[in-house]
Amino acid sequence: EEVLLDKIHVIVKFAADREYRNASEAYLDLSIGKAAWPVGLGCGGSMLMEDAIGLHDRFNRMAQVKDIAYHLNDDVTRKFVQALKRLMSVAQRYWPPDDPSKAA
């Protein structure tokens, strides 16, 4: 997909420029997306939290979540993206950044 390739391009560009911290942030954007995690849902929220929030409000917030990394549902794509993260780690080891603040 075009969206996936655009995000991978950003990661590779940052890694090529030895800006590994920015590359890691772009990798997180690719892997989990930028969607806000609704309160009470992340780790299977307790029933008390659902009572405090209200079930209707919970479902309404979930309907508004749009930027989720749905393209990683495919096993082959997920494995390639994980390999990209490993390559970023190896690149940082062999070609460390000149400025330590750019390290991941």
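See the structure above.
Residues numbered from 1 in each chain as written. Predicted model: local features only at pLDDT ≥ 70, side-chain atom pairs only at ≥ 80, totals over all residues. Heavy atoms only, no water.

Asks: Got a minute to help me understand the packing of aromatic side chains in this structure?
Replies: Each aromatic ring pair is summarised here by two numbers: the centre-to-centre distance and the angle between the ring planes. Applying the stated criterion to the full structure yields one aromatic pair. On the numbers, 6.1 Å between centres and 55° between planes, the contact of Y94 with W95 is tilted. Residue class for Y94 comes out exposed when judged on its relative accessible area of 57%. (Phe/Tyr/Trp six-rings, centres within 6.5 Å; stacked < 30°, edge-to-face > 60°. Buried < 20%, exposed > 50% of the residue type's maximum accessible area, 1.4 Å probe, protein only.)

Asks: In this structure, what is going on with the side chain of T77? I would like to understand it.
Replies: Checked against the element boundaries, T77 lands in helix α5 (residues 75–94). A relative accessible area of 19% means that T77 is categorised as buried. Within the structure, T77 has its side chain in polar contact with the side chain of D74 (distance 2.8 Å). (Helix = DSSP H or I, 4+ residues; strand = E, 2+ residues; numbered from the N terminus. Polar contact = N/O pair within 3.5 Å; in protein donor to acceptor, adjacent residues only side chain to side chain.)

Asks: Got a minute to help me understand the packing of helix α2 (residues 20–32) against α5 in this structure?
Replies: How two helices sit against one another is set out by the angle between their axes and by the gap between those axes. For the pair α2 and α5, the least separation of the axes is 11 Å and the interaxial angle reads 170°. Here α5 runs roughly antiparallel to α2, going by the angle between their axes. Every residue of α5 that contacts α2 at Y20, A23, S24, Y27 and L30 is listed here: V81, Q82, K85, M88, A91 and Q92. Each residue belonging to the contact of α2 with α5 can be placed in one class, and the counts come to seven nonpolar, three polar and one charged. (Axes fitted to C-alpha atoms, helices over the stretch in contact; angles between N-to-C directions. Parallel < 35°, antiparallel > 145°, perpendicular 65-115°, else oblique. Contact = heavy atoms within 4.5 Å. Nonpolar A, V, L, I, M, F, W, Y, C, P; charged D, E, K, R; others polar.)

Asks: Honestly, α5 in this entry has me stumped. Any pointers?
Replies: The α-helix advances 3.6 residues per turn, and as a result positions three or four apart in sequence lie on the same side. In this model α5 runs 29 Å from its N-terminal to its C-terminal C-alpha over 20 residues, within 8% of the 28 Å that 1.5 Å per residue would give. Among the residues of α5, those classed as buried are T77, V81, L84, M88 and A91. Relative to the axis of α5, the buried residues are bounded by an arc of 75° and lie together on one face. Looking at α5, the residues exposed on the side facing more than 90 degrees away from the buried face are V76, K79, R86, R93 and Y94. Against the buried residues of α5 lie α1 (2–16) and α2. (Expected span 1.5 Å × (residues − 1). Arc of directions from axis to C-beta.)

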